[in-house]
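Below, each chain spelled out in residue letters.
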Amino acid sequence: MNRMLTSPDPLPILDRFVTQTERDDLRSDERRIYDRALSLRSRLSGPPRVLIAGEFSAGKSTLANLMVGADLIPTSVLANHIPPVEFSHGEVGQAHAAWWDTRVDVTFDTLDFAGLTAVEPDYIRLNAPSPFLEKIRLADTPGTSDPATLVDLMQSVARHSDVMIWCTNAVQSWKESERRTWSELPERLRQHSVLVVTHMDLPAIRKGRQRVLDRLNRLAGDDFTQIIPFSAPDAGRAISAGVVTDTEQWRNSGGEALVDQVLALALAARKDANELAGRLIQNYIAPSLASALSEDAGPA
Ligand SMILES: Nc1nc2c(ncn2[C@@H]2O[C@H](COP(=O)(O)OP(=O)(O)O)[C@@H](O)[C@H]2O)c(=O)[nH]1
Ligand SMILES: [Mg+2]
């Protein structure tokens, strides 16, 4: 049997296929396969990628910062157009401009956002030593006042993500505009998504807590694996540099339920990605690489 079909690690094969193939030379049906290979290569090239999505001011960056353990993105920059930011495990310092279709990054020795955005990357990679990041990569979509731009950015990172945390503000939660944007994201990702209801600490929300949650369960209960009420200020008091210091407060804030659910979904999504990659390799990539090899070898 072809060795390629039995290899336990699909990543080197996906890598070889994507590197050796020129997308522009492909027919449209072949491009779909290429794009799936690109997405699977990105998903499998590190821990599962968790996308934090939602509308402007829903609490996405606040949640990301809590889990990353540092405020790495200056808020002044967020007003401008910057690409999604992915946090992965490592020492704070270097920053990378990255593209989905190449594994070659442009590395900056400091967090130079002007320099990073000037080379027009698909996304920016930053490192932090948070223990959460040993198990998942976290992607935050940037702040922009233009909803259409935000949707485009979310779509691009969604194609390369495994799990989605959708943040909605309890004060005006799960609006029609959110539902519409969410429904346009890949089904595979929507099936691995949790709804995080932020701002549960606000006094008016505290009083009507059950009403808010009943309404969300009715409207969105079937769409998410879990609906998790969350208070960022409470979570912030329970965690320091990405390490939980007060387990009871962390539980009460919603942080514990959120992390448990996200890690379970990440595991399931990784299993799916490996199976999908195995099938893609067996059905399309192995035959295509085999014919490329025989062409290279010239006529027999
Ligand atoms: N009281 C309260 N404020 C929050 C909570 N989550 C976020 N915020 C605040 O809401 C504002 C918007 O949050 P941000 O994370 O920038 O939203 P983003 O645009 O989705 O990234 C900030 O002032 C946060 O401090 C929460 O759970 N409770
Ligand atoms: Mg933000």
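So, how was this worked out
Residues numbered from 1 in each chain as written. Chains lettered and ligands numbered in written order. Predicted model: local features only at pLDDT ≥ 70, side-chain atom pairs only at ≥ 80, totals over all residues. Heavy atoms only, no water. Helix = DSSP H or I, 4+ residues; strand = E, 2+ residues; numbered from the N terminus. Rg over C-alpha atoms; globule rule 2.2 N^0.38 Å. Contact = heavy atoms within 4.5 Å. Lys, Arg positive; Asp, Glu negative; His and termini not counted. Charge placed at Lys NZ, Arg CZ, Asp CG, Glu CD. Phe/Tyr/Trp six-rings, centres within 6.5 Å; stacked < 30°, edge-to-face > 60°. Buried < 20%, exposed > 50% of the residue type's maximum accessible area, 1.4 Å probe, protein only. Near = heavy atom within 4 Å. Polar contact = N/O pair within 3.5 Å; in protein donor to acceptor, adjacent residues only side chain to side chain. Areas by Shrake-Rupley, 256 points an atom, 1.4 Å probe, with all protein chains shown as cover. Pairing = 2+ DSSP bridges. Axes fitted to C-alpha atoms, helices over the stretch in contact; angles between N-to-C directions. Core = buried A, V, L, I, M, F, W, Y, C linked by side-chain atoms within 4.5 Å.

## Concerning the overall build of the protein
Phase 1: Scanning the protein for helices and strands turns up 14 helices and 11 strands.
Phase 2: For 300 residues, the compact-globule estimate of 2.2 N^0.38 gives 19 Å, and the protein sits close to it at 21 Å.
Phase 3: On the principal axes, the C-alpha backbone points of the protein span a range of 80 × 45 × 35 Å.
Phase 4: The contacts in the protein between residues at least 6 apart in sequence include a share of 75% that link residues at least 24 apart.
Phase 5: Charged side chains in the protein number 32 positive and 40 negative. The centres of these two groups are separated by 5 Å.

## Brief notes about the packing of aromatic side chains
Phase 1: Under the counting rule described, the total for this entry stands at seven aromatic pairs.
Phase 2: With 6.4 Å between their ring centres and 50 degrees between their planes, F17 and Y34 make a pair best called tilted. Taken as a pair, F17 in helix α2 (residues 11-20) and Y34 in helix α3 (residues 28-44) lie far apart in primary sequence, 17 residues in all. In terms of burial, F17 and Y34 fall into one category: buried.
Phase 3: Where F132 meets W250, the ring centres are 6.3 Å apart and the plane angle is 25 degrees; that geometry is what we call stacked.

## A look at the site of ligand 1
Phase 1: Taken together, the neighbourhood of ligand 1 is formed by 16 residues, with S57, K60, T62, D201 and A232 sitting nearest.
Phase 2: Interatomic distance of 2.9 Å between a backbone N/O atom of S61 and an oxygen atom of ligand 1.
Phase 3: A232 places a main-chain nitrogen or oxygen 2.8 Å from an oxygen atom of ligand 1.
Phase 4: Relative to its unbound accessible surface of 580 Å², ligand 1 loses 71% to contact with the protein.
Phase 5: Of all elements in the fold, only α4 (60-68) and α12 (232-237) reach the threshold of two or more residues within the shell around ligand 1.
Phase 6: For the shell around ligand 1, the leading source of residues is α4, giving three residues.

## Here's the deal with the sheet that holds strand β1 (residues 49-54)
Phase 1: The strand order β4-β3-β5-β2-β6-β1-β7-β8-β9 describes an open sheet built from nine strands, whose pairing is mixed. One side of each edge strand has no neighbouring strand; the edge strands of this open sheet are β4 (102-108) and β9 (226-229). Neighbour to neighbour, the strand axes of the sheet diverge by 25 degrees on average, direction disregarded.
Phase 2: Direction of pairing for strand β7 (residues 163-169) relative to strand β8 (residues 193-198): parallel, over a ladder of six bridges. By the bridge assignment for β8, I165 is matched with V194.
Phase 3: Set on the sheet, helix α8 (residues 176-183) makes contact with β7 and β8; between it and β7 the angle comes to about 170 degrees.

## Looking at the nonpolar core
Phase 1: Counting residues in each nonpolar core, the largest one holds 43 residues, and the members touching the most others are F87, L138 and I165.
Phase 2: Of all the elements, helix α14 (residues 255-296) adds the most residues to this core, at six residues.
Phase 3: When neighbours within four sequence positions are excluded, F87 is seen to be in contact with A64, V68, L72, I73, L126, L133, R137, L138 and D140.
Phase 4: In this structure, L51, M164, W174 and F224 belong to the second largest nonpolar core, which totals 27 residues.

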